[in-house]
Amino acid sequence: MSTLLSVDEVRHHILSQLSPLPVETISLEQAFRRVLATPILAPSDLPPFTNSSVDGFAVRALDVKGASQLHPIELKVFADIPAGFSPHFTLPPGHAARIMTGAPLPNGADAVVPIENTNLSFHDKATQPPYSVQVFNPVNPGDNVRPRGQDILRGHPVFEPGHRLRPQDIGLLAALGISHIEVYRQPRLGIFSTGDELIPLGTAPIPGKIYDSNRLMLKMLIEQAGGEVIDLGIVTDTLDNVRSALDTARRNNVDLVLTSGGVSVGVFDVVRHLIEQEGERHLWRVNMRPGKPILFGRYHEMPVLSLPGNPVSAFVGFWVFVRPAIYRLAGLPFVPPLRLKAILEHPIESDGRESYLRAIVSYTNGQRLARLTGHQGSGNLFGLSQANALLIVPAGVKSLPTGHEVDIWPLDDSLI
């Protein structure tokens, strides 16, 4: 019997066999969650010109020094400056220009008086500027003004390679006028489930058969991690059918094949048999619970990562091994998963393997408390659905008492 490999050994080996995918140029509209392959420097200042941060009147601050409610200062209104208009004049002393939020500040002006600090109203619908305006409050140079380059200066680093773009990042790039970017190609994963016992959703129940839950769950997990899915369906337990599915994956130029089922020690675990006979098995079986029979290898140079058929084992195996693999292909650096601390509400038992147990974590008096969701069988999806964290028991540990501090992986953003 082969020696069980540690979780860290298996993950390290898988990542060592994968490299970031080639670079492609895409439009900014396609860029959500994509990973930058090249650095981005600001091509211009942002904002690109000095502008008003409020609706009001552009003035020379010196002209309204000492203004008050009792002694307002009246200025002649020289011009209107709507948003989108570039003023080609210099504001004369003793004058003001009506200005909208975001409109460029004219030469000669150094501050903006908000409209609420004047005798005019937001509700004034006149399209022509008023003859004059009374100012009730003084301003200092720079008040209510956004200087050119206040946000970022031309040439300043914006993002480094390996950054995954969020909506706010795409908004920044759009504001800088960047329409196309270079990113790593999106990882393409072929997935299939194996087993004569599996039937697709929409099929009437059949004695001895179960619905294929893994494929849909893994598809969602892949897409959540930033991958593209090539769905190869359900594959029955024959060498010919598994070979056909893998050949289809090759024709579709997938970057990694992900399978569930068929990798344990049974007579019908044909995925493992095929990889061993016609491919290259790099590793098999890991010292973890659930999910010991995990296989990684190659079929005609195409990487294949096979998870157990039990759904909880497949879910945990995805989080521990597949998600980092997708990140590596996508050009993201490997960052160890976030671990938080929690206090056990009851004692737990383990079998000495590194264990990932379904848990519910709650807050009491500012402290995280953890309890298991019930029976930890690797086929029990209900307990996984209830869990908001995976509780990690280190290898070699067989029991933990009430009150012990444990590591958890959050499955729910509310815990972070």
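Starting afresh in each chain, residues are numbered from 1 along the sequence in its written order. Residues qualify for local features only when their pLDDT is at least 70, as the model is predicted, and side-chain atom pairs are given and counted only at 80 or more; totals for whole chains, interfaces and linings, by contrast, use all residues. Calculated side-chain values reflect all of the structure's heavy atoms, with hydrogen atoms and water omitted.

Draft legend 1. Inspection of the sheet that holds strand β16 (residues 256-260) at higher detail. The mixed open sheet is built from 6 strands, whose spatial order is β15-β12-β16-β20-β19-β17. Two strands lie at the open edges of the sheet, namely β15 (228-235) and β17 (280-284), each paired on one side alone. Between one strand and the next, the sheet's axes are offset by a mean angle of 20°, whatever the strand orientation. We call two residues in contact when some of their heavy atoms are within 4.5 Å. For every element, the axis is a line fit to its C-alpha atoms; helices are fit only across the contacting stretch, and the angle between N-to-C directions ranges from 0 to 180 degrees. In this description a helix means any DSSP run of H or I spanning at least four residues, a strand means any run of E spanning at least two, and both kinds are numbered starting from the N terminus. Along the sheet, helix α1 (residues 7-16) contacts β17, β19 (295-299) and β20 (302-307); its crossing angle with β17, the most-contacted strand, is approximately 150°. On top of the sheet, helix α4 (residues 239-251) reaches β12 (188-194), β15, β16, β19 and β20; it is set at about 165° to β15, its chief contact. Any two strands with at least two DSSP bridges between them are considered paired.

Draft legend 2. Here's a closer look at the sheet that holds strand β8 (residues 132-135). Here 5 strands make up an open sheet; going across it, the order is β7-β4-β6-β5-β8 and the pairing mixed. The sheet is open, and its two edges are formed by β7 (111-114) and β8, each paired on a single side. Across the sheet, the mean angle separating the axes of adjacent strands is 40° when strand polarity is ignored. Where strand β4 (residues 56-59) lies against strand β6 (residues 95-99), 3 bridges are found, and the strand directions are antiparallel. Residue pairing for β6: Phe-57 is matched across the bridge by Arg-98.

Draft legend 3. The arrangement of the side chain of Arg-188 in detail. Position of Arg-188 among the secondary structure elements: in strand β12. A polar atom in the side chain of Arg-188 sits 2.9 Å from the backbone oxygen of Asn-253. Setting aside residues up to four positions removed in sequence, Arg-188 forms contacts with Glu-228, Ile-230, Asn-252, Asn-253, Val-254, Asp-255 and Leu-256. Polar contacts, as used here, are pairs of N or O atoms within 3.5 Å; protein pairs need one atom able to donate a hydrogen and one able to accept it. Residues neighboring in sequence count only if both atoms are side-chain atoms.

Draft legend 4. Helix α2 (residues 167-175), seen in detail. Where α2 is concerned, the buried positions are Asp-169, Ile-170 and Leu-173. All buried residues of α2 project into a common sector of 100° when viewed along the axis, lining one side. A positive backbone phi angle near 80° is found at Gly-177, which sits one or two residues after α2. Using a 1.4 Å probe on the protein chains alone, a residue whose accessible area is under 20% of its type maximum counts as buried, one over 50% counts as exposed, and one in between counts as partly exposed. Regarding the arc, it is the one traced by the directions from the helix axis to the C-beta atoms.

Draft legend 5. Geometry of helix α5 (residues 270-278). Inspection of α5 places Val-270, Val-271, Arg-272, Leu-274 and Ile-275 among the buried residues, and these make up the whole buried set. For α5, the elements touching its buried residues are β12, α4, β16, β17, β19 and β20.

Draft legend 6. Focus on the pairing of β12. Counting buried positions along β12 gives 7 out of 7 residues, so the element sits mostly inside the fold. Burial along β12 is two-sided: the residues Arg-188, Gly-190, Phe-192 and Thr-194 and Leu-189, Ile-191 and Ser-193 are all buried. With 6 bridges joining them, β12 and β15 adopt parallel strand pairing. Bridge assignment links Thr-194 to a residue of β15, and that residue is Val-235. For β12 and β16, the ladder comprises 5 bridges, and the chain directions are parallel. When the bridges of β16 are listed, Gly-190 appears paired with Val-257.

Draft legend 7. Spatial organisation of the environment of Pro-293. Positionally, Pro-293 belongs in the loop between β18 (288-289) and β19. Since its relative accessible area comes to 17%, Pro-293 is described here as buried. Separated by 21 residues in the primary sequence, Pro-293 and Arg-272 have C-alpha atoms spaced 9.8 Å apart. Not counting chain neighbours up to four residues away, the residues in contact with Pro-293 comprise Val-263, Ser-264, Trp-284, Arg-285, Ser-306 and Pro-308.

Draft legend 8. View of the environment of Leu-295. Summarising the element assignment, Leu-295 is placed in strand β19. What makes Leu-295 buried here is its relative accessible area of 0%. Linking Leu-295 and Leu-283, residues 12 residues apart in sequence, is a C-alpha distance of 5.7 Å. With residues up to four places along the chain from it excluded, the contact list for Leu-295 reads Val-263, Arg-272, Ile-275, Arg-281, Leu-283, Trp-284, Val-304, Leu-305 and Ser-306.

Draft legend 9. Just the packing of aromatic side chains, in detail. In this scheme Phe, Tyr and Trp rings, the latter by its six-membered ring, pair at centre separations within 6.5 Å, and the angle between planes marks the pair as stacked below 30 degrees, edge-to-face above 60, and tilted otherwise. Tallying each qualifying case throughout the model produces 4 aromatic pairs. An angle of 40° between the planes, with centres 6.3 Å apart, marks the rings of Phe-315 and Trp-319 as tilted. Taken together, the positions of Phe-315 and Trp-319, both in helix α6 (residues 311-330) and 4 residues apart, correspond to about one turn of that helix. The two residues Phe-315 and Trp-319 agree in class, both being buried. Judged by centre distance (6.3 Å) and plane angle (45°), the rings of Trp-319 and Trp-409 are tilted. A residue pair is termed long-range when its members are at least 10 positions apart, and Trp-319 in helix α6 and Trp-409 in strand β27 (residues 405-410) qualify at 90 residues. We note that Trp-319, like Trp-409, is buried. The structure contains a cluster of three or more aromatic residues connected by ring pairs, namely Phe-315, Trp-319, Tyr-356 and Trp-409. Across the ring face of Trp-284, the terminal group of Arg-285 is positioned such that the distance to the ring centre comes to 5.2 Å. By definition here, charges over rings are those cases where NZ of Lys or CZ of Arg is within 6 Å of the ring centre and within 35 degrees of the ring normal. Taking NZ or CZ as reference, Arg-323 lies 5.2 Å from the ring centre of Trp-319, over its face.

Draft legend 10. Seen up close, the packing of α1 against α6. One can describe the packing of α1 onto α6 by two numbers: an axis separation of 10 Å at closest approach and a directional angle of 25°. Taken together, the axes of α1 and α6 lie roughly parallel to each other. In this structure, α1 meets α6 at a crossing whose hand is right-handed. On α6, the residues touching Val-7, Val-10, Arg-11, Ile-14, Leu-15 and Ser-16 of α1 are Val-320, Phe-321, Pro-324, Ala-325 and Arg-328. Angle categories are assigned with fixed cut-offs, so that under 35 degrees is roughly parallel, over 145 is roughly antiparallel, 65 to 115 is roughly perpendicular, and the rest are oblique. Note: crossing handedness is left-handed where the near helix turns anticlockwise from the far helix by less than a right angle, and right-handed where it turns clockwise.

Draft legend 11. Fine view of unusual backbone geometry. A cis amide bond, omega -5°, links Leu-46 with the succeeding residue Pro-47. Within the secondary structure, Pro-47 sits in the loop between β2 (40-41) and β3 (51-52). Here Arg-289 and Pro-290 are connected by a cis peptide whose omega angle stands at -5°. Position of Pro-290 among the secondary structure elements: in the loop between β18 and β19. The phi angle at Arg-33 is positive, at roughly 70°, despite the residue not being glycine.

Scope: geometric values only; no functional claims are made or implied.
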